[in-house]
Amino acid sequence: IQSHEPVIATVVSRGNQMIKSGHFAVQQVESSVHQLQSQLTSFKDNASVRRLRLLDAVESQMFYTEAVEAEVWIREKRQLLTIADFGKDEDSIAAHLKKLDAIQRDLNGFTSNMDRLAKLSRGLIDRGHFDAANIQQKMATVEEQFDELKKLAEDRHTRLADSYKVHKFLREAD
């Protein structure tokens, strides 16, 4: 567009000169100049709309990429939290609690990623993004999975603590 604008401006200028000089085909020249200018304006408008849509598509792809990365991270942590082993003695339970503590620190650290992802999705939705419904649904799914992961961590901590108490009681009872 930008490379053709000088050529179009030259043609419009020549057409205007012809109109001012009283060329025998003034009406046809005037019509052609107006048509050329309106087509250029229309073309620029369409190009701007296309550019904005492409930028929206890039932003939505960034959101979806980050959402998939979050889901993968959540799945990896879920596997660690759904292990049925709660330890066979106090030492193994302490080791499990130490691993769980590291996972909980990871969860707390990942909260900032979730906040950033939620902010991105809200921005796209509030702006009326063409894929707002799917973005909203994907964000709700990721948030639900993250909340379930936090609940799994709490449940695992409770079970490990209970198991530790049982083993401690059995040791003291012997």
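Look a little higher up for the structure.
Model, not experiment: these values are computed from the prediction.

Visitor: What is the right way to look at the packing of helix α2 (residues 26–81) against helix α4 (residues 132–173) in this model?
Guide: For any two helices packed against each other, one specifies the inter-axial angle together with the distance between the axes. Where α2 contacts α4, the two axes come as close as 10 Å, and the packing angle between them is 20°. As judged from the angle between their axes, α2 and α4 are roughly parallel. As α2 packs across α4, the resulting crossing turns out to be left-handed. Classifying every residue of the contact of α2 with α4 gives 15 nonpolar, 4 polar and 6 charged.

Visitor: Got a minute to help me understand the packing of aromatic side chains in this structure?
Guide: Here a ring pair, both rings aromatic, is described through the centre-centre distance and the interplanar angle of the planes. All told, the structure shown has 3 aromatic pairs when counted by the stated rule. Aromatic side chains Trp-73 and Phe-110 sit 3.9 Å apart centroid to centroid with 10° between the ring planes, which places their arrangement in the stacked category. A residue pair is termed long-range when its members are at least 10 positions apart, and Trp-73 in helix α2 and Phe-110 in helix α3 (residues 90–126) qualify at 37 residues. Each member of the pair Trp-73 and Phe-110 is classed as buried. According to the relative accessible area criterion, Phe-110 is buried, its value standing at 8%. Aromatic rings pair up to connect Trp-73, Phe-110 and Phe-146 into one cluster.

Visitor: So what exactly am I meant to see when it comes to helix α1 (residues 5–20) here?
Guide: Working note: α-helix, 3.6 residues per turn, so residues spaced by three or four point in the same direction. With 16 residues, α1 should reach 22 Å at 1.5 Å per residue; the first-to-last C-alpha distance of 22 Å fits that figure. When we look at burial in α1, the residues that qualify are Ile-8, Val-12 and Gly-15. Taken down its axis, α1 places every buried residue within 60° of arc, on the same side. Of the exposed residues in α1, those oriented more than 90 degrees away from the buried face are Val-7, Arg-14, Gln-17 and Lys-20. On its buried face, α1 is in contact with α2.

Visitor: What am I meant to see in α3 here?
Guide: Taking 1.5 Å of rise per residue, 37 residues should cover 54 Å, and α3 covers 52 Å from first to last C-alpha, within 8% of that figure. At Phe-110, α3 shows its maximal bend, which comes to roughly 25°. Gly-128 sits one or two positions beyond α3 and adopts a positive phi of about 80°.

Visitor: In this structure, what is going on with the nonpolar core? I would like to understand it.
Guide: Side chains that are nonpolar tend, in soluble globular proteins, to be buried together. Counting residues in hydrophobic clusters, the biggest one holds 23 residues, and the most contacted among them are Phe-63, Trp-73, Leu-107, Met-114, Leu-117, Val-142 and Phe-146. Of all the elements in the fold, those that place two or more residues in this core are α2, α3 and α4. With 9 residues, α3 is the single largest residue contributor to this core. Leave out the neighbours within four places in its chain, and Phe-146 touches Trp-73, Ile-74, Leu-107, Phe-110, Thr-111 and Met-114. Listed in part, the 5 residues of the second largest apolar core include Ile-8, Val-29, Val-33 and Leu-40.

About the thresholds
- Residues numbered from 1 in each chain as written.
- Predicted model: local features only at pLDDT ≥ 70, side-chain atom pairs only at ≥ 80, totals over all residues.
- Heavy atoms only, no water.
- Axes fitted to C-alpha atoms, helices over the stretch in contact; angles between N-to-C directions.
- Helix = DSSP H or I, 4+ residues; strand = E, 2+ residues; numbered from the N terminus.
- Parallel < 35°, antiparallel > 145°, perpendicular 65-115°, else oblique.
- Left-handed = near helix turned anticlockwise from the far one by under 90°.
- Nonpolar A, V, L, I, M, F, W, Y, C, P; charged D, E, K, R; others polar.
- Phe/Tyr/Trp six-rings, centres within 6.5 Å; stacked < 30°, edge-to-face > 60°.
- Buried < 20%, exposed > 50% of the residue type's maximum accessible area, 1.4 Å probe, protein only.
- Expected span 1.5 Å × (residues − 1).
- Arc of directions from axis to C-beta.
- Contact = heavy atoms within 4.5 Å.
- Bend = angle between axes of the 7 residues up to and from the residue.
- Core = buried A, V, L, I, M, F, W, Y, C linked by side-chain atoms within 4.5 Å.

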